[in-house]
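Below are the chains, spelled out letter by letter.
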Amino acid sequence: MIWIMLKVKLVIFDIAGTIIEDNGEVIDAFCAALGKNGLPATEAELKEFKGASKREVITRFVERLWGKNAGNEVLISQTYQDFRADLESRFSNGRVKPILGAGDTFAWLKAHNILFGTTTGFFRSVTDLILSSVGWQNMLAANVCSDDVRYGRPAPFMIFHAMEATGIDDVREVLNVGDTPLDIQAGHRAGVLGSIGVLTGIHKEDRLRREQPTHLIESVADMPSLIEAHYS
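### Observations regarding the pairing of strand E4 (residues 174–178)
The buried fraction of E4 amounts to 5 of the 5 residues, a majority that puts the element mostly inside the structure. The two faces of E4 match: Val-174, Asn-176 and Gly-178 on one face and Leu-175 and Val-177 on the other face are all buried. As defined by bridge partners, E4 adjoins strand E5 (residues 194–198) across 4 bridges and the pair is classed as parallel. The partner of Leu-175 across the bridge, within E5, is Gly-194. Handedness of the E4-helix H8 (residues 181–190)-E5 crossover: right-handed.

Here's what the structure looks like:
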């Protein structure tokens, strides 16, 4: 067997829409929580914030209606709590389904001594719920959520946090993979070797191509062949 030398030491995956199926849970939970608290928002607007810190998204809609002032905090906190409760309910009771081929890609990365982890705009409790539901909580070298950094996507801080957790100090050895414009933007801002888009989320190919991903693939199942073809 010919052993291929790979440039990649760490692959970072988004969660919803990238390694687990996205059936609209996040958008639906946002619509319910925002509507309950008198905060107008359209599904099209919310789609553009897919992948961002959920509390930051709520803060944007509160400030759009009421401006920036100290009195917003009660409304932000209440809306965020309503969102959290709704989202956790939607992901409970075995409703989490992996993207087809995600487990095989993880096995391939492990066999090739490539570390892998996740970043997400989810908060910690729902992140742990999702990962434990599919049995992945103990196989990740890094598991970073929006609670762990000051600013979520498109800021690159979750990527850097994952690198720090895994001991990778060179962005030229890192691939970032996600299904949203914000995932691709965060990868570009981090300066990683590849900021890769996948087509298993709610965004269509034309929307993701506007962010100029390094590569755009059908799903994470295609990652092994992509790495061998372009990062060896």
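### Re the nonpolar core
Nonpolar side chains tend to gather and get buried jointly when the protein is soluble and globular. Residues Val-11, Phe-13, Phe-83 and Met-223 are the most contacted members of the largest nonpolar core, which totals 52 residues. The element contributing the most residues to this core is helix H1 (residues 25–36), with 6 residues. Setting aside its immediate chain neighbours within four residues, Phe-83 contacts Val-26, Ala-29, Phe-30, Ala-33, Lys-54, Ile-58 and Phe-123. In this structure, Val-144, Val-149, Ile-168 and Val-174 belong to the second largest nonpolar core, which totals 14 residues.

### What to know about the packing of aromatic side chains
Taken as a whole and judged by the stated rule, the model has 9 aromatic pairs. Between Phe-83 and Phe-123, the aromatic rings sit 6.4 Å apart at their centres with planes inclined by 75°, giving edge-to-face as the arrangement. Separated by 40 residues along the polypeptide, Phe-83 in helix H4 (residues 72–90) and Phe-123 in the loop between strand E2 (115–120) and helix H6 (124–133) bring together distant segments of the chain. When the ring of Phe-106 is compared with that of Trp-136, the centres are 5.0 Å apart and the planes differ by 80°; the resulting orientation is edge-to-face. With a gap of 30 residues between them, Phe-106 in helix H5 (residues 102–111) and Trp-136 in the loop between H6 and strand E3 (142–145) connect regions that are remote in the sequence. Classification of Trp-136 by relative accessible area gives buried; the value is 7%.

### Some words on the packing of H5 against helix H10 (residues 223–230)
Relative to each other, H5 and H10 sit at 40°, their axes nearing to 9 Å. Judged by the angle between their axes, H5 and H10 are oblique. From H5, Thr-105, Trp-108 and Leu-109 reach across to H10, where they touch Met-223, Pro-224, Ile-227 and Glu-228. Residues of the contact of H5 with H10, tallied by class, amount to 5 nonpolar, 1 polar and 1 charged.

### Looking at the packing of H1 against helix H3 (residues 54–66)
To describe two helices that pack against each other, one gives the angle between their axes and the distance between the axes. H3 packs onto H1 with a crossing angle of 40° between their chain directions and a minimal axis gap of 12 Å. As the angle between them shows, H1 and H3 are arranged oblique. You can see that H1 and H3 cross each other, and the crossing is right-handed. Each of Val-26, Phe-30 and Leu-34 in H1 lies in contact with H3, whose residues at this interface are Lys-54, Val-57, Ile-58 and Phe-61. The residue makeup of the contact of H1 with H3, split by class, is 6 nonpolar, no polar and 1 charged.

### Digging into the side chain of Thr-119
Note that Thr-119 resides in strand E2. Here Thr-119 falls in the buried class, since its relative accessible area comes to 2%. Those residues in contact with Thr-119, other than ones at most four positions away along the chain, are Ile-12, Phe-13, Asp-14, Ile-15, Val-144, Arg-153, Met-158, Ile-159, Ala-162 and Asn-176.

### Quick word on H3
Its 13 residues give H3 an end-to-end C-alpha distance of 19 Å, which sits within 8% of 18 Å, the value for a rise of 1.5 Å per residue. Buried residues of H3: Lys-54, Val-57, Ile-58, Thr-59, Phe-61 and Val-62, and no others. The elements touched by buried residues of H3 are H1, helix H2 (43–48) and H4. In the stretch just after H3, Gly-67 is the one whose phi turns positive, near 75°.

About the thresholds
- Residues numbered from 1 in each chain as written.
- Predicted model: local features only at pLDDT ≥ 70, side-chain atom pairs only at ≥ 80, totals over all residues.
- Heavy atoms only, no water.
- Buried < 20%, exposed > 50% of the residue type's maximum accessible area, 1.4 Å probe, protein only.
- Helix = DSSP H or I, 4+ residues; strand = E, 2+ residues; numbered from the N terminus.
- Pairing = 2+ DSSP bridges.
- Right-handed = clockwise from strand over helix to strand, strands pointing away.
- Core = buried A, V, L, I, M, F, W, Y, C linked by side-chain atoms within 4.5 Å.
- Contact = heavy atoms within 4.5 Å.
- Phe/Tyr/Trp six-rings, centres within 6.5 Å; stacked < 30°, edge-to-face > 60°.
- Axes fitted to C-alpha atoms, helices over the stretch in contact; angles between N-to-C directions.
- Parallel < 35°, antiparallel > 145°, perpendicular 65-115°, else oblique.
- Nonpolar A, V, L, I, M, F, W, Y, C, P; charged D, E, K, R; others polar.
- Left-handed = near helix turned anticlockwise from the far one by under 90°.
- Expected span 1.5 Å × (residues − 1).

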